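# Structural overview
Okay, here's what each chain looks like letter by letter:
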Amino acid sequence: MADTKREIERKYEATSDSRLPDLTRVPGVSAVVGRGVVELDAVYYDTADLRLSADGITLRRRTGGDDEGWHLKFPVSTGIRDEIRAPLADTLPHSLAGLIRSRARDAAVVPVVRLRSSRDVSHLLGERGELIAEVSVDSVRAERLADGGGSASWTEIEVELADDADPALLDAVDKRLRKAGVRPSSSASKLARALAETAPGGPVPGGQEDAASSERPAGKAPKAAEAAKSVRDRGARLEEKYAGEYVLAYLRGQRDAIVALDPAVRRDLPDSVHQMRVATRRMRSAFRTFGKIVDRGVTDPLGDELKWLAGELGVARDQEVLSERLRKRIEALPGTLVLGPVRGRLKIWATAHRADARRRSVAVLDSERYLDLLAALDALLDEPPLLKAATAKPGVALPKAVSKDYRRLAARVEHALDLPAGHDRDLAMHDARKAAKRARYAAEAVTPALGKPARKFARRMKAVQTVLGDHQDSVVARDALRTLAIQAHAAGESAFTWGLLHGLEEGQAAERERELPQVWERASRPELRSALRA
């Protein structure tokens, strides 16, 4: 089994004879206790082209110390990483292999660097004698295991915050170290420094950050950084002033988000399924919106696969949203109106559905179909099928694309409002919701090119989407409440509360239907659209 630890640390340059200053003078530190020297031996793994390192991800097998085993680290922000640990084994544990699959794909993960460190450890204790940080002076010896690289050695200081300690302590320690002449490391990690200093042909000039792209949280699949260059090499000669470059940048961002969110979904992190689903929808929507810029003959099949992925992920996300909505509805009811084991039945229903949905999501991410989709997206962005409009000025081509999506939304809203309340209107409002989302995504995609008018237009489209989305959530909730009422009745329980909630959801939907004309009037003002073309 793997477990996760949030690692918050800072690294500093040192020499072989570096001495730590008196850290008891740091506010909040009552004592510094030496823990002796421990010998660590770590082999770092990556693909041959260093895909993990390119995203600031480190994978190692380490012996020595009290946490020996396999460690996989994902960057969260500067100086903060999530470390997932698995027991020591000869081969990479399956629990960790899945977490790097979106980066490694079908490439073998092989040893690339070996680091042997002599770590002199000290514990910083707080006023109650509790551990608040660990400070170590590491003498490191690095050996490149591939590419005919060399070796290197250095000494560094690490300060790692203890669990639940105040992060402000790191600032106080930093101030004390700097006053003693100790300077922050220019390397994001030991691996980054090792890759730079043991590179074939000698150390990489300027060095350590270049080797691992400074541990950025966003993911990037192989060759993605070369996409723009590929476009220019094919003669499109795109620069920022052309519409196609903005579209490609947006598409690359969504692809990168899908890749980066894959391990978060597997780890079941909060909101990860939703964010990954949004990225798939944004990309698919962009294919349609910018069909005059990127050839739909090529992108439509990929759009179908993105729809499949979003649909599979949606099982988990929709269940999560629905369960939370019903839970809040129950909590808002007076106790006298909650008859029978309502909360217990909802919890059992939600747990069963959520477990099934999670298994389904992970199975999808483990499928060959998903890997094929990622490879196809890479290929598209490496050799984008651009059309003539890609070389148009953004102020011409991009507003046209947004206006087309707006007109589609307008037709659907007007159709929904013309229908009487009931099943047909529910369906029409759901169709309008999807159109509102597409118009919003279109405006957000062109915001880097068109600025404030696009941003304002996107906000108005989001307001329309919110009203329509809440209406659709009510429709889905009513279906679930009917099912729960039937189950309760069959078990001999009162179905009163489920029926009451059904009525409240009907009222909510009616309120949204009354609200829609006013929200749409604000969103459809001509000056909003004309500002995009200014």
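Look up: the structure comes first, before these words.
This report concerns the structure included in the present document. Nothing here was measured: the structure is a model prediction, and the numbers come from that model.

## Quick word on empty space enclosed by the protein
- With the rule as written, the count across this model stands at one cavity of 30 Å³ or more.
- Reported here for the largest cavity is a volume of approximately 30 Å³.
- Looking at the lining of the largest cavity, the elements with two or more residues in it are α9 (272–289) and α14 (423–450).

## Side note on the nonpolar core
- Ranked by size, the top nonpolar core spans 69 residues in total, and within it Phe290 and Ile293 carry the most contacts.
- Counting residues per element, this core draws most heavily on α14, at twelve residues.
- Dropping the residues within four chain positions of it, Phe290 is found in contact with Val247, Leu398, Ala401, Ala442, Ala445 and Val446.
- Core analysis: the second largest hydrophobic core is formed by 20 residues, Ile132, Ala162, Ala165 and Leu177 among them.

## Focus: the layout of surface pockets
- Computed from the structure, the largest pocket encloses a volume of approximately 1,200 Å³.
- Lining the largest pocket are 38 residues; nearest its centre among them are Arg277, Arg281, Arg433, Lys434 and Lys437.
- Mapped onto the lining of the largest pocket, the elements with two or more residues apiece are α9, α10 (296–332), α11 (342–365), α13 (394–418), α14 and α15 (452–490).
- A total of ten residues in the lining of the largest pocket trace back to one element, the largest contributor, which is α10.
- In terms of residue class, the lining of the largest pocket is made up of eight nonpolar, eleven polar and 19 charged.
- Here the second largest pocket is characterised by a volume of approximately 760 Å³.
- Ranked by residue count, the leading element in the lining of the second largest pocket is strand β2 (residues 31–46), at seven residues.
- Its residues placed into classes, the lining of the second largest pocket shows twelve nonpolar, six polar and 19 charged.

Rules and cut-offs
- Numbering of residues begins from 1 in every chain and follows the order in which that chain's sequence is written.
- Local features in a predicted model are, by the rule used here, given only for residues with pLDDT of at least 70; side-chain atom pairs are given and counted only at 80 or more, and totals for whole chains, interfaces and linings are based on all residues.
- Hydrogens and water are ignored here; the side-chain numbers use all heavy atoms of the structure.
- Throughout, the protein atoms alone are placed on a 1 Å grid, and a set of points is a cavity if a 1.4 Å probe fits but cannot get out or a pocket if it is open with protein on both sides within 12 Å along at least five of seven lines; lining residues have an atom within 4 Å of a point.
- Grid points are joined across faces, edges and corners, and a volume is the space filled by probe spheres set on the points.
- For the purposes of this entry, the term helix denotes a DSSP run of H or I that reaches at least four residues, the term strand denotes a run of E that reaches at least two, and both are numbered from the N terminus.
- For our purposes a nonpolar core is just a set of buried Ala, Val, Leu, Ile, Met, Phe, Trp, Tyr and Cys residues, chained together by side-chain atoms within 4.5 Å.
- Only protein chains enter the accessibility calculation, which uses a 1.4 Å probe. A residue is then buried if its area is under 20% of the maximum for its type, exposed if over 50%, and partly exposed in between.
- Any two residues whose heavy atoms approach within 4.5 Å at even a single point are treated as in contact.
- Gly is put with the polar residues, along with every residue not named as nonpolar or charged; the nonpolar set is Ala, Val, Leu, Ile, Met, Phe, Trp, Tyr, Cys and Pro, and the charged set is Asp, Glu, Lys and Arg.

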